[in-house]
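Observations on chain architecture
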Amino acid sequence: MVSGNIFHCRKNSWPPEEYINKATLQLFDFDSAAPPEQAWRRRLNSHANLLKEFSVTFMEAIKMASVRLGIRIWSYVREEASHGRKAPIDPFTRESCKPSATQGVPLGGMGSGSISRGFRGEFRQWQIIPGLCEASPVMANQFSIFVSRDGGNKSFASVLAPGQHEGLGSHKKADDQGISSWGWNLNGQHSTYHALFPRAWTVYDGEPDPELKVSCRQISPFIPHNYRESSLPAAVFVYTLVNTGKERAKVSLLFTWANSIGGNSHLTGGHVNEPFIAEDGVSGVLLHHKQGKQLVKNYQGVKTGKGNPPVTFAIAACETQNVSVSVLPKFGLSEKSSTTAKGMWCKMVQDGQFDRENFSSGASMPSSPGETLCAAVSASTWVEPHGKCTVAFSLAWSSPKVKFSKGSTFHRRYTKFYGTSERAAKDLAHDALTQYKRWEEDIEKWQNPILQDESLPEWYKFTLFNELYFLVAGGTIWIDSPLPSSNMRNKSRDQVKELENTEVKVTEAKVSRRQGADAGRTTDSTYDVEYTTDSASDVDCMVDGVDEKHRGDLSQESDASVTLAMMDQQYDRDDVGRFLYLEGVEYIMWCTYDVHFYASFALLELFPRIELNIQRDFAKAVLCEDGRKVKFLAEGNCGIRKVRGAVPHDLGTHDPWREMNAYNIHDTSKWKDLNPKFVLQVYRDFAATGDMSFGVDVWPAVRAAMEYMEQFDRDGDGLIENDGFPDQTYDTWTVHGVSAYCGCLWLAALQAAAAMALQLGDRDFAETCKRKFLKAKPAFEQKLWNGSYFNYDSGSSSNSKSIQADQLAGQWYTASSGLPPLFDESKIKSALRKVYDFNVMKVKGGKMGAVNGMHPNGKVDETCMQSREIWTGVTYGVASTMILAGMEEEAFATAEGIFQAGWSEDGYGYWFQTPEAWTMDGHYRSLIYMRPLSIWGMQYALTLPKAILDAPKINIMDRIHLSPLNGGFPHNETGVRKIANKAKCFGNSVFHCAC
């Protein structure tokens, strides 16, 4: 939809020749060794500034009743810590490692634990344990290089990371036996980092040897629509060596790794290393990490034991005709170690390799508490004058079980293909080294059409891909359902592809409002889950129109193996498991739904089956109720955890799927945006995929969600009203009466529900939704339209006439779903133009993004913390709406503000950790956040799915003919109880349903 040549004449953000000599680029012009022209770039000697966090003003604290709220949150944090758990939102605990502008492309696929790698080479942001992020780098984990030339008159040895690094400390002792004794000789002035997720390139242009050019290519298996390899916890590092000198050079590359999962875990003891030799020349070291005595600090700094499942790392290299591989299975960082880090380094300087006998040394003795156990793999080769050589390393980790803090344990997705042993790390490392070229082919096929589109600005291309980092580094969990084989690794590629990518055959079905949903299928399959719990359950679902209560002490079922009924009725053929991702590493809640509303475009575009399964999980939750009491911290009142008919805020924290709504600041059953967002997401996914079986599965929940909202239309005008507190995703921004944000979402949901009802054959409900829509739309415009935009709300507060950047969120989804526009085109463009002129351009000339609230006099709305913030994901969403409205130039100018403030060299340093928000002075709130994935809403708008583009152009609302009935939802015929009849519940282990 972007018109021809709007952007392609603009200067590139970072012309590659300004970073790398052209001659060097030409030397690497083979085997993908050269970085692409479109990539995010930094020099390795760039300063990594500390990031500045936001603060609440005095007046904001007063309005939020901050003292009382702070005391309640503090008490809640302490209570959770007393049970050995971390509160979902904890504003009091600060990481010992202060956030800095050091991040880079993370490693591995999705959902198997993640490790990030900074642009200067350090391994950091460890997320092996669900919900726990250890930010500090493990500095023993490094690549190093040793070069000697014929004649022996030239030699170089250096860690391939800049010597001035905050993780090393400031002073080096002469007698130190640890890593500070290594050669930290790299300046970084002539070395550059290039990022295009899921790959990254580091080019050492004559460092440390002026006559040796080195390119390191980092590759992870993030491959859209590939539901097998995208789950693998592995990465490859391919070194390309080019000798520009006149002498033959012996080059040894060294990969060192500590037996650690971040933090102080290396000191807990009981860890074991062992060498291995696999097929195809692959060899390395396994590092078995025991988590049984993992020490984690609670809120008082007291260390408590956490019995998490073990994890095994594998570091490996591939031996070829020209490359020799050797290993050192064990070395330590103290002088008491039998082989010290200093001794290991000296051995490499002298010989460039380790002794071959090390392969037969067997497993090491378990480490003692306080001892750090490390391993090393070396790969050595000769590079002829003006010759080239390639050396490949791999890193893999296997933590087959994911255990949540209240006891539920699942197998990760990759175990379906590699089995449930931690030793699968060896096979993962082997397969990464033998398959990475195919990964790259698939990645390039996916990315090249966008990268080669000259109508798109350069910054957009690489920011689009790099924001996907969150699907790896956002605490993602991808679990398996236990189908056929314990190890499918050896199935042929074609067999696996056929299994994973089979198209679902949809049975045409109609849904009768009286008879419920019948897709004409009965096939079902299950998967095993182990769980224990220390709490009682008071949860029920609607089944056959009757409340089936099943209260009891769930702890009696501890250690039992139970089965959960999966929602996808064809899991025996095309199961893709279940997927969780965090709202953010600081807001530890899985699949936060009001935020997923923005982020979900990425999953729909790239992994649509995962997206549909997330919607199925929420659809089931809508029909269930959890009667356990919860205290809501903002007001101090109590309520129940989950109300039937209400869409949950999230899928939980400590026991996802079983204990939802971990968010307890407000009672989200009274929020006005969650239910409309559910209906809109479901219809968008239904329209985009054309998956009739999905529509049939979730339709009962769509009806229930719509009917639930009728209680909030208190004056009978068809519109829902807000209740004078922050009852939507802007959860510190109070709303009174009808609001632009929630009201627009509601109008869009009425139209989407009507369209879906019509397509599924539920004509009576389609009529009901159309009646409400026709009644609500003029009321909405009459109450909020002021001639140029929609007022913030219909109240009489000082900010009721504010210009909200997100006022057309409902229209965004309407246009994304191929539905008729909610308002006249002139009103849509007028409102967007107002947002662009005020919220975008009046904030530092458009170089920050769109501020959430702006007074019509051109001053930022400082009613509360969130009204004055710039939300990165909302800005991308506004840009998406602009594209769909034909305002492409304004759209890209709006979104570019996020790039300039967050990703550019002149910005604040938020690359690969894009926060939820920043203030106008660049101070952040909540790093590594889900919502900025909404940049994929822009790409979705540019390339709408064929199913939507090919849909009949007739206005679908015109196809719904009204009969003389009342305008309310027909509770007496098909209320929540009736429509739940055919919907499968989660199974007894989750909500104690009787179906």
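Let me begin by describing the structure that accompanies this report. (Residues numbered from 1 in each chain as written. Predicted model: local features only at pLDDT ≥ 70, side-chain atom pairs only at ≥ 80, totals over all residues. Heavy atoms only, no water.)

**Let's talk about the packing of aromatic side chains**
As enumerated under the stated definition, the model contains 71 aromatic pairs in all. The interplanar angle of 65° and the centroid separation of 6.0 Å between the aromatic rings of F465 and W936 together place this pair among those described as edge-to-face. Here W936 lies in helix 21 (residues 935–942) and F465 lies in helix 7 (residues 458–466), a separation of 471 residues in the sequence. With respect to class, F465 is no different from W936; both count as buried. (Phe/Tyr/Trp six-rings, centres within 6.5 Å; stacked < 30°, edge-to-face > 60°. Helix = DSSP H or I, 4+ residues; strand = E, 2+ residues; numbered from the N terminus. Buried < 20%, exposed > 50% of the residue type's maximum accessible area, 1.4 Å probe, protein only.)

**Considerations on the sheet that holds strand 7 (residues 191–196)**
Spatial ordering of the open sheet is given by 1-7-8-9-10-19-16-13-12, a layout of nine strands whose pairing is antiparallel. Pairing within the sheet leaves two strands with one partner each, and these edge strands are strand 1 (40–43) and strand 12 (272–277). Going across the sheet, the axis of each strand differs from the next one's by a mean of 15°, ignoring polarity. Relative to strand 19 (residues 388–398), helix 6 (residues 424–451) is tilted by about 110°, and along the sheet it contacts strand 7, strand 8 (199–205), strand 9 (212–219), strand 10 (234–243), strand 12, strand 13 (282–289), strand 16 (311–318) and strand 19. (Pairing = 2+ DSSP bridges. Axes fitted to C-alpha atoms, helices over the stretch in contact; angles between N-to-C directions. Contact = heavy atoms within 4.5 Å.)

**A look at the packing of helix 19 (residues 872–884) against helix 20 (residues 888–903)**
The geometry of helix 19 relative to helix 20 is characterised by a closest axis approach of 8 Å and an angle of 170° between their N-to-C directions. Judged by the inter-axis angle, helix 19 sits roughly antiparallel to helix 20. On helix 20, the residues touching T872, T875, Y876, A879, M882 and I883 of helix 19 are E888, E890, A891, F892, T894, A895 and I898. Looking at side-chain class alone, the contact of helix 19 with helix 20 contains eight nonpolar, three polar and two charged residues. (Parallel < 35°, antiparallel > 145°, perpendicular 65-115°, else oblique. Nonpolar A, V, L, I, M, F, W, Y, C, P; charged D, E, K, R; others polar.)

**Looking at the nonpolar core**
Ranked by size, the top nonpolar core spans 297 residues in total, and within it F393, L468, Y581 and F678 carry the most contacts. Counting residues per element, this core draws most heavily on helix 15 (residues 740–760), at 18 residues. Lining this core are residues from two domains, each supplying at least three of them: domain 1 (32–51 + 98–165 + 177–479) and domain 2 (575–945). With residues up to four places along the chain from it excluded, the contact list for L468 reads F197, F222, W446, A602, L606, L933 and W936. By size, the runner-up hydrophobic cluster in this structure holds seven residues, among which are Y19, L25, V203 and V242. (Core = buried A, V, L, I, M, F, W, Y, C linked by side-chain atoms within 4.5 Å. Domains from an automatic or database assignment.)

**A few points about the environment of N264**
The residue N264 is located in the loop between strand 11 (249–258) and strand 12 in this model. Sequence separation between N264 and V138 is 126 residues; the distance between their C-alpha atoms is 9.6 Å.

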